[in-house]
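Each chain, written out:
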Amino acid sequence: MSTDASNEVRLAAESAASRAARSAADTAGQDTAGTEPGGQKSPRRKGLSERNRPLWMLIPGGVLMIIIIVVPLLLGIFMSTLNLDQYTLRKWISSPFIGVENFVEALTSSPLLHATWLSVSYSLLAMVVTLPLGIAAAVATQNAFKGRAVIRSIFLIPYVLPSFVVATVWRTMFQPDGIVDKALGTVGIEAGLWLNGPQTFWTLVLVQIWASWPFIYLLALSGLQSVDHEVHEASALDGALWWNKLRYVIFPYLKGPLSLAFLIGMLHHINNFTLPYVLFGVPAPADVEVLPILTYVTSFQSFRFGLSAAMAFVSLVLIAIPLFVYLRAVKLDDAESPGAKK
């Protein structure tokens with residue numbers, strides 16, 4: 001009886017050992033199935049949809065960009081090489097091909113260079129004034145005080161109003177015997193013609209400053225919100241004066257947002273068509289015939305569609321220059337930052 005029991009125990013132990021050996025072999029087979037001959041595990045093969053999912057998600061935006069940006073750009077370049085006017089517009093595809101003659105005419109005998117100078121100069125003047133205004137307003141409304149929400153809302157009024165409304169209101173105010181002339185007359189200042197004459201350039205600059213400074217204010221305020229509270233406490237404990245605090249504590253945090261605001265503001269002013277169009281009408285005085293107005297007049301009043309396309313392409317190149325400089329500067333900053341890949 002004891003011999004049979006011992007045999008049963010032995011058989012059960014051998015069966016358990018064989019099952020354990022088979023289980024270990026199966027596990028080893030599964031592990032080695034995903035390994036390469038060198039013993040390293042091969043990466044898991046992802047499905048086609050999962051691997052290319054980011055590229056598929058870019059398709060809708062890419063199609064819209066091609067339709068809205070690339071196709072009109074190529075069409076404008078093609079039109080700039082044609083002698084396209086009111087006589088050849090009906091069959092514009094078969095218009096005479098003149099190559100770069102439109103570009104030569106735009107740069108030599110048209111007021112394009114003058115319009116370019118006007119656009120750049122008035123945009124630069126507007127940005128030089130709006131930068132300190134926006135920074136001052138942001139610093140003044142950064143800390144909490146009673147009525148801060150109301151003040152911030154009032155500051156944003158010029159920014160939320162459409163350009164058409166802003167231009168219409170200021171056009172009414174600058175009319176002869178308007179509210180501006182009456183206000184200046186009360187202090188003994190004789191105002192001239194704001195909407196026609198040598199003062200039109202400064203009228204455009206003034207209205208652009210009023211309409212665009214809240215944009216600088218918003219970006220400066222966002223930069224101020226990113227300043228660490230510990231930095232303010234450390235500067236206060238060190239006894240830093242308000243100017244030193246602005247210069248060495250606050251302004252470094254505003255460098256990025258203000259650089260972006262300056263670039264976007266310049267490009268917006270150069271491309272702004274609604275404000276000068278509504279403010280001065282068409283044809284505009286020569287002192288405010290900026291690039292968008294000149295292109296519009298050349299195309300829809302002189303009916304020189306090929307020449308206006310060449311002017312529009314020159315404007316695009318002008319806009320691309322500061323944009324390329326900014327993107328290059330951002331790339332250099334990222335490369336020089338700690339931990340950046342070489």
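The next point concerns the overall build of the chain. Scanning the chain for helices and strands turns up 16 helices and 0 strands. Within the chain, the proportion of its 342 residues that are buried is 31%. Counted over contacts in the chain with a minimum sequence separation of 6, partners at least 24 positions apart contribute 68%. Carbon and sulfur atoms form 67% of the exposed surface of the chain, whose accessible area is close to 22,100 Å².

With that out of the way, let us pick up the packing of aromatic side chains. Scanning the model with the defined rule gives 14 aromatic pairs in all. Relative to W194, the ring of F174 lies with its centre 5.0 Å away and its plane at 35°, an arrangement referred to as tilted. Taken together, the positions of F174 in the loop between α9 (163-173) and α10 (179-186) and W194 in the loop between α10 and α11 (200-225) put the pair 20 residues apart, joining distant regions of the chain. Owing to a relative accessible area of 2%, F174 belongs among the buried residues under this scheme. The class for W194 is buried, based on a relative accessible area of 16%. Plain terms: the ring middles of F273 and Y296 are 5.3 Å apart, the flat faces sit at 50° to each other, and that makes the pair tilted.

Now for unusual backbone geometry. Following V282, the chain continues to P283 via a peptide bond in cis, the omega torsion being 0°. Looking at where P283 falls in the secondary structure, it is placed in the loop between α14 (274-280) and α15 (291-300). One non-glycine residue with positive phi stands out, namely D177, at about 60°. Tracing the sequence through the fold places D177 in the loop between α9 and α10.

Moving on, we come to the packing of helix α6 (residues 112-140) against α11. Contact pair α6 / α11: the axes reach a minimum separation of 6 Å and the direction vectors enclose 45°. In terms of their interaxial angle, α6 and α11 are classed as oblique. Note that α6 runs across α11; the crossing there is right-handed. Within the contact of α6 with α11, the residues separate by chemical class into 23 nonpolar, 5 polar and no charged.

Relative to the assigned elements, L221 resides in helix α11. Expressed as a C-alpha distance, the spacing of L221 and Q142, which sit 79 residues apart in the sequence, is 7.0 Å. Those residues in contact with L221 that sit more than four places away from it in its chain are A138, T141, Q142 and R152.

A word on the confidence of the model for the chain. In this model, the chain carries a mean pLDDT of 79, and residues with pLDDT of at least 70 account for 77%. For the chain, helix α1 (residues 2-33) is the element with the lowest average pLDDT, namely 50, and α14 is the one with the highest, namely 93. Across residues 27-37, confidence stays below pLDDT 50; counting only partners more than four residues off in sequence or on other chains, it has 8 contacts.

Here L258 lies in helix α13 (residues 242-271). In this structure, the C-alpha to C-alpha distance between L258 and L219, residues 39 residues apart in sequence, is 6.8 Å. Discounting chain neighbours no more than four positions away, the residues touching L258 are L131, I135, I216 and A220.

To continue, consider the nonpolar core. Membership of the largest hydrophobic core comes to 25 residues, with the highest contact counts inside it found for F174, L204, V207, L279 and F280. For this core, the secondary-structure elements that each account for two or more residues are α6, α9, α11, α14 and α15. Those residues within four positions of F174 in sequence are excluded, and the remaining contacts are V180, W194, L195, T203, L206 and V207. Ranked by size, the runner-up nonpolar core spans 19 residues in total, among them A138, I216, L246 and L258.

Another aspect to go through is the pattern of salt bridges. Enumeration over the complete set of coordinates arrives at 1 salt bridge. Two residues, E105 and R304, come together in a salt bridge whose shortest N-O distance is 3.0 Å. Here E105 is found in helix α5 (residues 101-108), whereas its partner R304 is found in the loop between α15 and α16 (305-336), with 199 residues between them in sequence. Since its relative accessible area comes to 27%, E105 is described here as partly exposed.

Moving on to the environment of T172. In this structure, T172 sits in helix α9. Look at T172 and you get exposed, because its relative accessible area is 54%. A polar side-chain atom of T172 sits 3.0 Å from the main-chain carbonyl oxygen of T168.

Here the focus is the side chain of S123. Relative to the elements of secondary structure, S123 occurs in helix α6. Given a relative accessible area of 0%, S123 falls into the buried group.

On to the side chain of S80. For S80, the position within the fold is in the loop between α4 (59-79) and α5. Under the relative-accessibility criterion, S80 is labelled buried at 1%. Those residues within four positions of S80 in sequence are excluded, and the remaining contacts are G99, N102, F103, G306, A309 and A310.

What counts, and at which threshold
- Residues numbered from 1 in each chain as written.
- Predicted model: local features only at pLDDT ≥ 70, side-chain atom pairs only at ≥ 80, totals over all residues.
- Heavy atoms only, no water.
- Helix = DSSP H or I, 4+ residues; strand = E, 2+ residues; numbered from the N terminus.
- Buried < 20%, exposed > 50% of the residue type's maximum accessible area, 1.4 Å probe, protein only.
- Contact = heavy atoms within 4.5 Å.
- Areas by Shrake-Rupley, 256 points an atom, 1.4 Å probe, with all protein chains shown as cover.
- Phe/Tyr/Trp six-rings, centres within 6.5 Å; stacked < 30°, edge-to-face > 60°.
- Axes fitted to C-alpha atoms, helices over the stretch in contact; angles between N-to-C directions.
- Parallel < 35°, antiparallel > 145°, perpendicular 65-115°, else oblique.
- Left-handed = near helix turned anticlockwise from the far one by under 90°.
- Nonpolar A, V, L, I, M, F, W, Y, C, P; charged D, E, K, R; others polar.
- pLDDT = per-residue confidence, 0-100.
- Core = buried A, V, L, I, M, F, W, Y, C linked by side-chain atoms within 4.5 Å.
- Salt bridge = Lys/Arg side-chain N within 4 Å of Asp/Glu carboxyl O.
- Polar contact = N/O pair within 3.5 Å; in protein donor to acceptor, adjacent residues only side chain to side chain.

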